[in-house]
Amino acid sequence: MRNLIRNILLFTTGQFKSVANGIHILNSHYIGRNDLSKEIFYDLLKELNKQVDFINIEDAVIAIKEKTHQNQKLVTFTFDDGFEECFTKIAPVLSDFNTNAAFFINPGFIDGDENYRKNFTENIVHVNKHPMTWKMIQELHQQGFVIGNHTFDHVRLVGLTEDQLQNQIVISKNRIEEQLQSSCEYFAWTYGRNSDIDKNALNHCLNSHKYVFGGDNYTKYFSFNDAIFNRRHIEGDWSLNHVKYFLSKTKKYQ
Ligand SMILES: [Zn+2]
């Protein structure tokens, strides 16, 4: 019931909102919790594209850092957890719009056996989906998509030992680089709130990756003294008005 009221409210307020100027980094996981068609995501982007332009994630991070393109309405995409539909549905739709995304993946989910994956989907990410294979991920990389690190086992980066941090951040990065034969410079931490990472873990991420992403304080471009890019959560089956509502907030540097 509370969800229904929230949806009605967002729908009616979103109708009258227009996207604010600036560079918006979106963060999603899938088109929908169920196995939905790619046309749903295509239709959302088609409508959104009437108000904004889409840009590659590599261009977006540079524009944000250099404070350029502030008078345009630009949207860039990121997807976490590396589900199969990133390869089968989401990437093809993004290619239709001549843009890319960063896909943040968990090597443990890809390499894991049936029991590992069952635990991962039931108890960690709470959605019943398969991971992409390394072959799919390599193909995305070759097509110009960015492959980023999302920890080895999708752990919350709070209170971990040095060994655990090394495994979850650096060994995970190494595994991705070994598979891609290319360096992995992008990291997004799990669960996304600024309280879902501690100072020690954040230092490990920043020491090993060029670009680090969270999912908090969306109206500001950065968190943690300009070290972290903030992203706005949406999913591929949300209505245009929901998306517009969130993107209508003016973005600030401080
Ligand atoms: Zn995640």
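That block above? That's the structure.
Note that the structure is a prediction, hence the values are computed from the model and not measured. (Residues numbered from 1 in each chain as written. Predicted model: local features only at pLDDT ≥ 70, side-chain atom pairs only at ≥ 80, totals over all residues. Heavy atoms only, no water.)

Enquirer: Where do I start with the nonpolar core in this structure?
Expert: In this structure, F77, F79, L94 and F103 are the most contacted members of the largest nonpolar core, which totals 36 residues. Of all the elements in the fold, those that place two or more residues in this core are helix 2 (38-48), strand 3 (73-80), helix 4 (85-96), strand 4 (101-105), helix 7 (134-143), helix 8 (162-180) and helix 10 (240-247). Of all hydrophobic cores here, the second largest spans 20 residues; its members include I64, L74, V146 and F229. (Core = buried A, V, L, I, M, F, W, Y, C linked by side-chain atoms within 4.5 Å. Buried < 20%, exposed > 50% of the residue type's maximum accessible area, 1.4 Å probe, protein only. Helix = DSSP H or I, 4+ residues; strand = E, 2+ residues; numbered from the N terminus.)

Enquirer: Whenever I open this one, the packing of helix 2 against helix 4 confuses me. Can you help?
Expert: In helix packing, the relevant descriptors are the interaxial angle and the interaxial distance, both defined with respect to the helix axes. Where helix 2 meets helix 4, the axes come as close as 9 Å, and the angle between the chain directions of the two elements is 35°. Both helix 2 and helix 4 take part in a crossing whose hand is right-handed. Residue-level contacts link K38, F41, Y42 and L45 of helix 2 to K89, I90, P92, V93, L94 and D96 of helix 4. Across the contact of helix 2 with helix 4, the residue classes break down as seven nonpolar, no polar and three charged. (Axes fitted to C-alpha atoms, helices over the stretch in contact; angles between N-to-C directions. Left-handed = near helix turned anticlockwise from the far one by under 90°. Contact = heavy atoms within 4.5 Å. Nonpolar A, V, L, I, M, F, W, Y, C, P; charged D, E, K, R; others polar.)

Enquirer: What is the right way to read the coordination of the zinc ion from this model?
Expert: Six octahedral donors at a metal ideally form angles of 90 or 180 degrees, and four tetrahedral donors ideally form angles of 109.5 degrees. At the metal site, the zinc ion is ligated by D81 (OD), H150 (NE2) and H154 (NE2), and these contacts range over 2.1 to 2.2 Å. For the zinc ion, all donor residues lie on one chain, and their spacing in sequence is D-x68-H-x3-H. There is no split in this pair, since H150 and H154 are both buried. (Donors = N, O, S within 2.8 Å, 3.2 Å for Na, K, Ca; no water.)

Enquirer: Just to check I follow, could you spell out the pairing of strand 3 for this structure?
Expert: Working note: regular strand, side chains alternate between the two faces of the sheet. Buried residues dominate strand 3, accounting for seven of its eight residues. Inspection of the sheet shows strand 1 (residues 22-28) paired to strand 3 by seven bridges, in the parallel sense. Residue pairing for strand 3: I23 is matched across the bridge by L74. As defined by bridge partners, strand 2 (residues 53-54) adjoins strand 3 across two bridges and the pair is classed as parallel. (Pairing = 2+ DSSP bridges.)

Enquirer: What is the right way to read the packing of helix 2 against helix 10 from this model?
Expert: At a minimum axis separation of 10 Å, helix 2 and helix 10 run at an interaxial angle of 50°. The orientation of helix 2 relative to helix 10 falls into the category oblique. Relative to helix 10, helix 2 is oriented so that their crossing is right-handed. Packed against helix 2, whose contacting residues are L44, E47 and L48, the element helix 10 presents L240, V243 and L247 at the interface. Its residues assigned to classes, the contact of helix 2 with helix 10 comprises five nonpolar, no polar and one charged. (Parallel < 35°, antiparallel > 145°, perpendicular 65-115°, else oblique.)

Enquirer: How should helix 2 be read in this particular structure?
Expert: Side chains three or four residues apart in an α-helix point the same way, a direct result of the helix having 3.6 residues per turn. By the burial criterion, the buried members of helix 2 are F41, L44, L45 and L48. Burial along helix 2 is one-sided: seen end-on, the buried residues are contained in an arc of 95°. Looking at the buried positions of helix 2, the neighbouring elements they touch are strand 2, strand 3, helix 4 and helix 10. (Arc of directions from axis to C-beta.)

Enquirer: For this particular structure, what's the right way to read the side chain of D196?
Expert: Its place among the elements puts D196 in the loop between strand 6 (186-188) and helix 9 (199-208). Take D196: its relative accessible area is 8%, and that puts it in the buried class. Residues contacting D196, with those up to four places away along its chain left out, are R156, L157, V158, W189, T190 and Y191.

Enquirer: Whenever I open this one, unusual backbone geometry confuses me. Can you help?
Expert: Backbone geometry follows two general trends: most residues other than glycine have a negative phi, and most peptide bonds adopt the trans configuration. A positive phi angle, near 55°, is found at N98, a position not held by glycine. Located in the positive-phi region is N217, a residue other than glycine, with phi close to 45°. Assignment of secondary structure puts N217 in the loop between strand 7 (211-213) and strand 8 (222-223).

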